[in-house]
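# Topology and contacts: notes
In case you want the letters, here they are:
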Amino acid sequence: MIRQASLWLALTAAGIASADEVHVAVAANFSAPMKEIAAGFERASGHKVLTTIGATGKFYAQIKNGAPFQVLLAADDETPARLEREGNAAPGSRFTYAIGKLVLWSPQAGLVDERGDVLSQGKFAHLAIANPKLAPYGAAAMQTLEKLGLHERLAPMLVQGDSIAQAHQFVVSGAAPLGFVAMSQIRGGGKPQLGSVWVVPSGMYAPIRQDALLLAAGKDQPAALAFLLYLRGAPARAVIRSYGYEL
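These lines cover the structure that appears in this document, whether it is placed above or below. Just so it is clear, the model here is predicted, and its values are computed rather than measured.

This brings us to the overall build of the protein. The helix and strand tally for the protein stands at 10 helices and 10 strands. Relative to its length of 247 residues, the protein is compact, with a C-alpha radius of gyration of 19 Å against a globular reference of 18 Å. When the backbone C-alpha atoms are referred to their principal axes, the protein occupies close to 60 × 35 × 30 Å. Put simply, the protein has 247 residues, and 49% of those count as buried.

This paragraph deals with the sheet that holds strand β10 (residues 208-214). Taken in spatial order, the five strands line up as β2-β1-β3-β10-β4 in an open sheet, and their pairing is mixed. Each edge of the sheet is formed by a strand with only one pairing partner; in this case those strands are β2 (48-54) and β4 (95-100). If you compare each strand with its neighbour and ignore which way they point, the axes differ by 20° on average. As judged from the seven bridges shared by strand β1 (residues 21-27) and β2, these two strands associate in the parallel manner. The residue of β2 that forms the bridge with V22 is V49. Most of the contacts of helix α2 (residues 31-45) go to β2, to which it runs at about 170°, and overall it touches β1, β2 and β3 (71-73).

Turning our attention to α2. Over its 15 residues, α2 runs 20 Å from end to end, which matches the ideal 21 Å to within 8%, given 1.5 Å per residue. Listing the buried residues of α2 in full gives P33, M34, I37, A38, G40, F41 and S45. G46 sits one or two residues past α2 and shows a positive phi near 85°.

Here β4 lies mainly inside the structure; five of its six residues are buried. Here five bridges tie β4 to β10, and the two strands are oriented antiparallel to one another. If you follow F95 over to β10, its bridge partner there is A212.

Reading guide: rules and limits
Residues numbered from 1 in each chain as written. Predicted model: local features only at pLDDT ≥ 70, side-chain atom pairs only at ≥ 80, totals over all residues. Heavy atoms only, no water. Helix = DSSP H or I, 4+ residues; strand = E, 2+ residues; numbered from the N terminus. Rg over C-alpha atoms; globule rule 2.2 N^0.38 Å. Buried < 20%, exposed > 50% of the residue type's maximum accessible area, 1.4 Å probe, protein only. Pairing = 2+ DSSP bridges. Axes fitted to C-alpha atoms, helices over the stretch in contact; angles between N-to-C directions. Contact = heavy atoms within 4.5 Å. Expected span 1.5 Å × (residues − 1).

So, to be careful, I would describe these as geometric facts and stop short of saying anything about function.
Here it is in structure tokens:
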């Protein structure tokens, strides 16, 4: 803790002397808390945060193809570990910044019950999920349906978004009356949105451990190092908790 505090003070002082930018690739489920965290970091450090929001699977391909991201905030732990093994990141920089929660949500009050029985009743035309090949929350949704024995039955009703943000938008727009989304997406400003929700029991899907990683392009960049240190501090952790994540 003392070493971290000393490093933060040193990096902050350097940032004040010469403010810089850090380009962060952010998993779609983390877009809302990232706005608050980035604003706090900019006030504290003087650095500027540039964010790109998207699906973790797509970020992997972009990083391998030379995208200039300096920090990755993934929606899983497998992608950052793979990038680290393959030499695209600073060794030993990976850590879990949040553990996500999957929910079944509808903006319509009373549609989703507290046990998720609406899924077996099948009184809906479409069910939104994120692409399980690109988005860990989509994979968690598929695991949940398989656990319930409903995967084959509901497969014709599934509407897949490239990311969890698109799956959420399908529900918001009415393209699907309900969908599997991240808890953080229905807690605007840290407060639950209107509608109905089933918080999927954590035992129904593999833990969604979301890891942060210092990428090769950010290894010698004070702003990138300072951002990752800030992400582990109390102000950022308070924001993360307010959106329903575990730490």
